[in-house]
Structures are given as structure tokens and as C-alpha cells.
Amino acid sequence: MKKNQPSPKKIGDLLVEKGYITSLQLQEALGLQKKTGEKIGMLALRLGWVSEEDIIELLQPQWSIPLADKKTLQSVSSQMKKNQPSHKKIGDLLLEKGCITPLQLQEALGLQKKTGEKIGMLALRLGWISEEDLIELLQSQWGIPLADKKTLQSVSTSIIPLIPEHLARLYQAIPLAKEGDKLIIAMVDPLDMGAIDDLSRISGLNVEPAIAKEKAIGEALNTYYPKEIENMEDLTGLNLELEEEIHDEREDIDESQLRIQADDAPVVKLVNLILAQAIRDHASDIHIEPQEKGLIVRYRIDGILFNLISPPPSVRLPLTSRLKILSGMDIAERRLPQDGSFTIKVNNKRIDLRVSTLPVIYGEKLVLRILDRDAFASKLKLDVLGLDTESSKILERYVHRPWGMILLTGPTGSGKSTTLYTILNMIKSPTKNLVTVEDPVEYRLAGIQQVEARPDIGLSFANTLRHILRQDPDIILVGEIRDLETAQMSIRSSLTGHLVFSTLHTNDSVGTILRLTNIGIEPFLVTSCLSLSIAQRLVRKVCPYCKEEYSPTQEVLKEFGFEGKELILFRGVGCEDCRYTGYLGRTAIFEMFEITPEIKRLVLEGHPIDFLKKKALDAGMVSLRQAGFKKAIRGITTIEEVLSTCIED
């Protein structure tokens, strides 16, 4: 039979043969297929190269696959609903069982509209019910089986690879057993249909959920996914050794004993693993947070925090002490905040870590800022930052002037320092003397003299600036204008023939005028020295490995003045490369406010900030939102990311 049966062509070859895609597009799709595992036909559909009708037209004659139209599907759906037993809503059940009051149900429904959480999970998070209450309800109403701790710890490791690690952690799910084409998965929220669909799609099996306690799932995740933490077995021994000795971190503990515990092999290995995983995942920060009954380690990746591991409670103090020793801090001092730093070498790359401690009610919270020198050096280019051609022209027009003041504005973590370093790297020259005063110096730049401010010994921004002016500088960078004295010294430096760069915390570029006058600077001085104000934000980029086209709603288009028009935008559907967020990496968007003669006149006449911004926009200034929307149209970011990052113009 097989000899007489014509072999069906591959879908990719058919698409090329029929002229739907080019050979180059096929090669691109094959490359993406290796990373995502998707079928070529579905990839071509998602990328907008073919329509659903094209795919159906190919599949029907080639594989004799019948078409189920809308009417057929509605008939099947209606029949299934008739045969399906009706279930009460979880909120009504909780009310009926006396677990919550009507007022609590109303409060939960209100919160649900804002957060999108299930009522049961909300009631659990708010402490109105216990996990046992929720499990009992789900078992009785939906017949969802319970996976206890013993079951979770006795899973065959052969089925663990069916669910990728990041997806398992995202949905708090552990595969329990595979029976034919059915995969039983333990979940904290077994009613999360979106998660079940994703798990089914990734595994290629029909998922049947079981319910498990959050703590048990967390322990199982750390057991079965050793890529991120492969020494939990080692830590178990440490747990037994130290449990009796450590009860309360606020008790007096001998410093020598702390040093011994901090140097124990399991603790050293745990610290190394945490750091290695953070660098591998391109995290910008590591958060180590003490809890009432344990410890949570989280990473910030592309501006978003992700849970990594929850080590046993007894490693809390040794882990903290280990990091404080590396950072040169006083390990016996746990009542006051401390700052420190250390450097590690990974694959011949030097990584600087800036460490900060903060005493909280359950111990000390640590935040480690990761500064990759090599990666940073590759970012010091205007196009890498995200500046478009027009913004680059505006910037270059002002940074090559011999004097004036250029200010960058934006919240903490918006990339202001990176932009300033990029500008300095661009304009530095053997013929110029560049001096900076920073708190702290994050990165060291060749050819530039950098001073670290030390307010505790009297080396403030303003005081350092006075001494810098005696050093015959051409260009000066002041880390931040925080007070009147620093503002006055910066303006004086600008007016005496120096090019000054600095930062301010304002919502937009026009707000620098108001901020400086509120500090105490006279408007005529502001207009005399300020040349350019730049507002900056960071937005996440669409993941290139799971990028798809879509048409936004008219409500969204109305936000940007495109009502009634048809536009194709892009978004990420989520894959392993982007940790199933749909985003990978970040880029900056900019708002360039030029202090033109017209703007100077309006400032001196005392016009309000809103009027100044309107005039600047009328003159051609591109606002942060407009800059973000341009990048969304180009497929770099998404409309949702722009709307969540930028305030309304």
C-alpha cells in the first residue's frame, strides 16, 4: 500500500511551490522552527505570510483533511454544553459554605476586575480561606484530584522534560504521570485554562490537572529542575545542622560562628549558583528577601521581577553573611543599612556587583546590582540606545557646542546613566578634559576623569564641582542635581564656558523648567544656560522568536490619533527564549525638548508648563508616547508596553 500511495510534500515546499512564500522566507521559518518547535505552516500564518484560507486550501487536497465550519463547531459546542454537568461559581460556593461573607465576595469581585485573578486564589491570598478549604471545594465541585507532597516527590524524572522549566515555574506546575496521550499535571491553580492550554500545546498531550499546595509545588520545582539550583540536596544537610542554632536573626550570634557558616561549602555553592544563573539570564538585579518562614530569591530581567528559588530558612543568615563578607561589609551589624561591592570573573568577563542591605522585620534584605563591563561597552552607541535619526541629529547639534547645559530626566532605572555615558564616549577627545562627579561611579570610562561623591566626608556634588572648576575642565558631568547648591554650581559652570551634563527626576522633558525654578533657580538663569532637556523611558522589546502580527482595536488607535485607520502591529505570544512573557530585551524612547528663542521668551513671560509643552509639540517635538508608538508600528515594542510606561500627553 505504501509503495502505491503518493508521499505528501512538506508544507514548506508546498508554500514555496504555490508562491505563497519565498525560499528566503522558508529558510527563516526553518530557523525559527528549531527554536520554537512550531510547524512551518503555523509559523508562516503567525508571521503574516499566509492566511488561514491559504493553509486550509493546501491541507485539504494534500492530506484530505475535512473542513469544520462555524456552524458545525457551534452545533458541537451546544451539544457538549447540554451533556456537561453545571458547576456553581467558586465565589458562590465559598459563600454557601460560610468561608467568606457577602461583603468579602463583593470586595473580591472588585479586585478581580483589576487583577484578573480567580476568586478562589484571591480569597486565599487575602487570608480569608486556607489552602485546605480551596482544595476541598475544588475536589467536591470539579472532582479535581489532590497531589500530596509524597506524590510530588516520587515523580518519574523521565516525564519532567515534557514541561520546560520556565513554563513550570511560571504556572507553578509539575508533570505527575503520562498515560497514553494524557499528561497529568499538578498545579496550584487547576482552573487556569490559559495555563492548561499552554502546557498542552508545549507537551503535545492532553493535560488533566490535579491540585497541589503552593509550598509542595515550590519544593518539587527545586527538586526536578536542577538547572537553576542543583544543590538542594546539599542544603538539606545544612538545614539539619543549623536549624537548632538559628531561631531569630535578631539574637546575638558570634561573628566568628557566622564566618564559619558563611564559608560552608553548600552556602558558597548556593551563592555561586545564584550569581551564575543571574548572569546567564541577563538579570540586572538580584533580590534576596527574608520571609517569615524562609527566603525568596528573585531576579529582575527586562525590568520585571521573577521568582527563582526559595532556599530553606536555615540558610538565610549564612547566605546573607556570605554576600556581606564578599562585599566588605560588617557582618555583625544587622540593624543599619550598608553598601558594598565586589567583582567576579565569568568566562573571562569581569562582572561588578554593587550590594545594598536593608534591615526589614524578618532580617536583612539584599539587592545586588549586576554591572557587566563588557556588555556595557557594546551599548555605548546611539543606535544601540534606540535613538532614531531625527533624535540623533538634535542631540549631536547640542553635544558638540562648547558650552551650555543638557539635562536628562526620568525615573530611577530608566537608563539615564547609560545615555550620558554614551554621549561622553561619543564626544571624548584627547584635546578635551572631561570630568565627572557621580554617586556612585557605575562604570569606568577610559579617557575620562571620574570622581565618586562621598557626602559622609563632605565630598558632595556641589563641593566636588567647585574643585572640578579649578581643574581646567571642558566638559563636566554631574550625576544628579538634587538641591539648590548643586543646581547653582552647575549653572555657574555652564555660564562660564563649560558644557555641563546632569540628570533630574521629572515626568517629562518640559518639567525640567518647573523643577529648576522650584529648587530656587531664577527663570532668566534657566533660559540662559539650559540648551536641551531629554526625557527617557525604557520599554520592553517584542521577542523575535515568538513575534506575531495583529490588528489593534479602534479604542487603542484612538489613543494615538489613528482612529478609523487599519494598522498592523506586533506582539510576542511567549516562548522559552523570553520566559513566556512575549518580550526580550529593552530599548529606550526619547522626548527632545529644545530651548529655542521662542521657548525662552515664553518662560520669561511666566507661561505655565502645559502651555510650554503645547507650543513645543506644535513646533514638532515628539512626545514620549509618540516616540513609543513609532516603535510599536515598527514592531520593536507593543502598544500595551508604551501605554503602561508613558503618561498621557
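Look up a bit, the structure's there.
Summary of the structure given here. This structure is a prediction, so every number in the text was calculated from the model and none was measured.

Here is what the cut-offs are and how they apply
- Residues numbered from 1 in each chain as written.
- Predicted model: local features only at pLDDT ≥ 70, side-chain atom pairs only at ≥ 80, totals over all residues.
- Heavy atoms only, no water.
- Helix = DSSP H or I, 4+ residues; strand = E, 2+ residues; numbered from the N terminus.
- Buried < 20%, exposed > 50% of the residue type's maximum accessible area, 1.4 Å probe, protein only.
- Contact = heavy atoms within 4.5 Å.
- Areas by Shrake-Rupley, 256 points an atom, 1.4 Å probe, with all protein chains shown as cover.
- Pairing = 2+ DSSP bridges.
- Axes fitted to C-alpha atoms, helices over the stretch in contact; angles between N-to-C directions.
- Right-handed = clockwise from strand over helix to strand, strands pointing away.
- Salt bridge = Lys/Arg side-chain N within 4 Å of Asp/Glu carboxyl O.
- Core = buried A, V, L, I, M, F, W, Y, C linked by side-chain atoms within 4.5 Å.
- Polar contact = N/O pair within 3.5 Å; in protein donor to acceptor, adjacent residues only side chain to side chain.
- Parallel < 35°, antiparallel > 145°, perpendicular 65-115°, else oblique.
- Left-handed = near helix turned anticlockwise from the far one by under 90°.
- Nonpolar A, V, L, I, M, F, W, Y, C, P; charged D, E, K, R; others polar.

## Some thoughts on the overall build of the protein
And then number 1: For the protein, the count of helices and strands is 30 helices and 18 strands.
And then number 2: Every one of the 649 residues in the protein was classed for burial, and the buried ones make up 46%.
And then number 3: Of the contacts formed within the protein by residues at least 6 apart in sequence, a portion of 63% connects residues at least 24 apart.
And then number 4: By element, 51% of the accessible surface of the protein is carried by carbon and sulfur atoms, the whole surface being about 33700 Å².

## Notes on the sheet that holds strand β2 (residues 182-187)
Across a sheet, paired strands are connected by hydrogen bonds in the backbone, their directions being either parallel or antiparallel.
And then number 1: A sheet is described by the order of its strands in space; here three strands give the open sequence β1-β2-β3, paired in mixed fashion. Edge positions in the sheet fall to β1 (173-179) and β3 (206-211), since each has one partner strand and no second. Shown here is a sheet whose adjacent strand axes are inclined to one another by a mean of 30°, direction ignored.
And then number 2: Where β2 meets β3, six bridges bridge the pair, whose relative direction is parallel.

## Focus: the pairing of β2
And then number 1: Counting buried positions along β2 gives five out of six residues, so the element sits mostly inside the fold.
And then number 2: When β1 meets β2, the two strands line up antiparallel, connected through six bridges. In the strand pairing of β2, Pro175 is matched with Ile185.
And then number 3: Taken together, β1 and the strand that follows it, β2, pair antiparallel across an intervening segment of two residues, in which Gly180 is found at a positive phi of about 65°.
And then number 4: Chirality of the crossover, the property in question, places the unit of β2, helix α12 (residues 193-203) and β3 among those that are right-handed.

## So, the pattern of salt bridges
And then number 1: Scanning the entire structure with this criterion turns up 19 salt bridges.
And then number 2: Across the salt bridge formed by Glu641 and Arg540, the nearest N and O atoms sit 3.1 Å from each other. A residue pair is termed long-range when its members are at least 10 positions apart, and Glu641 in helix α30 (residues 639-645) and Arg540 in strand β15 (residues 530-542) qualify at 101 residues.
And then number 3: By relative accessible area, Glu641 is classed as buried at 8%.
And then number 4: On the basis of relative accessibility, which here comes to 18%, the residue Arg540 falls in the buried class.
And then number 5: Where salt bridges share partners, they join Glu179, Lys182 and Glu208 into one cluster.

## Focus on helix α17 (residues 316-326)
And then number 1: Along α17, nine of the eleven residues are buried, which leaves the element largely enclosed by surrounding structure.
And then number 2: Among the residues trailing α17, Gly328 stands out with phi positive, at a value near 75°.

## What to know about the sheet that holds strand β4 (residues 285-291)
And then number 1: If you walk across this open sheet you meet the six strands as β6-β5-β4-β9-β8-β7, and the pairing is antiparallel. With one partner strand each, in any of the chains shown, β6 (304-309) and β7 (338-346) form the two edges of the open sheet. Averaged over all adjacent pairs, the angle separating strand axes in this sheet is 25°, with direction ignored.
And then number 2: Sheet analysis places strand β5 (residues 294-301) next to β6, joined by five bridges and oriented antiparallel. When the bridges of β6 are listed, Ile301 appears paired with Ile304.
And then number 3: Sitting on the sheet, α17 is in contact with β4, β5, β7, β8 (349-360) and β9 (363-372), with an inclination near 45° to β9.

## Considering the pairing of strand β13 (residues 475-478)
And then number 1: The alternating pattern of β13 places Ile475 and Leu477 on one face and Ile476 and Val478 on the opposite face, and all of these are buried.
And then number 2: With four bridges joining them, strand β11 (residues 434-438) and β13 adopt parallel strand pairing. For Val437, the partnering residue across the bridge sits in β13 and is Val478.
And then number 3: Of the strand pairs in this sheet, β13 and strand β14 (residues 499-504) are connected by four bridges, and their pairing is parallel. Note that in β14 the partner of Leu477 across the bridge is Phe501.
And then number 4: Handedness of the crossover joining β13 and β14 through helix α23 (residues 484-495): right-handed.

## Brief notes about the nonpolar core
And then number 1: If you look at the biggest cluster of nonpolar residues, it comprises 50 residues, and the most contacted ones within it are Leu152, Ile174 and Leu199.
And then number 2: In contact with Leu152, not counting residues within four places along its chain, are Ala147, Ile174, Leu176, Ala186, Ala212, Ala216, Ile217, Ala220 and Tyr224.
And then number 3: Residues Met405, Val435, Val437 and Ile609 belong to the second largest nonpolar core, which totals 34 residues.

## Some remarks on unusual backbone geometry
And then number 1: Residue Pro440 is reached from Asp439 by a cis peptide bond, and omega for that bond is -5°.
And then number 2: With respect to the element layout, Pro440 can be found in the loop between β11 and β12 (449-452).
And then number 3: Residues other than glycine seldom take positive phi values, yet Gln172 does so here, at roughly 50°.
And then number 4: Mapped onto the fold, Gln172 is located in the loop between α11 (165-171) and β1.
And then number 5: A positive phi angle, close to 55°, is found at Asp472, a residue other than glycine.

## Remarks on the side chain of Thr486
And then number 1: Assignment of secondary structure puts Thr486 in helix α23.
And then number 2: For Thr486, a relative accessible area of 2% corresponds to the buried category.
And then number 3: Only 2.7 Å separates the side chain of Thr486 from the side chain of Asp483, close enough to count as a polar contact.

## Here's the deal with the packing of helix α20 (residues 389-399) against helix α21 (residues 416-427)
And then number 1: Running from N to C, α20 and α21 point in directions that differ by 60°, and their axes come no closer than 12 Å. In terms of axis orientation, α20 runs oblique to α21. Note that α20 runs across α21; the crossing there is right-handed. Side by side, α20 and α21 meet where Leu395, Glu396 and Val399 of the first sit next to Ile423, Met426 and Ile427 of the second.
And then number 2: Considered class by class, the residues forming the contact of α20 with α21 number five nonpolar, no polar and one charged.

## Topic: the side chain of Thr357
And then number 1: When you line up the elements, Thr357 lands in strand β8.
And then number 2: With relative accessibility at 1%, the residue Thr357 sits in the buried group.
And then number 3: When sequence neighbours within four positions are dropped, the list of residues in contact with Thr357 reads Lys324, Met329, Leu336, Pro337, Gln338, Glu364, Lys365 and Leu366.

## A word on helix α24 (residues 511-519)
And then number 1: Looking only at α24, the buried set comprises Gly511, Thr512, Ile513, Leu516 and Ile519.
And then number 2: One or two steps after α24, the chain reaches Gly520, where phi turns positive at roughly 130°.

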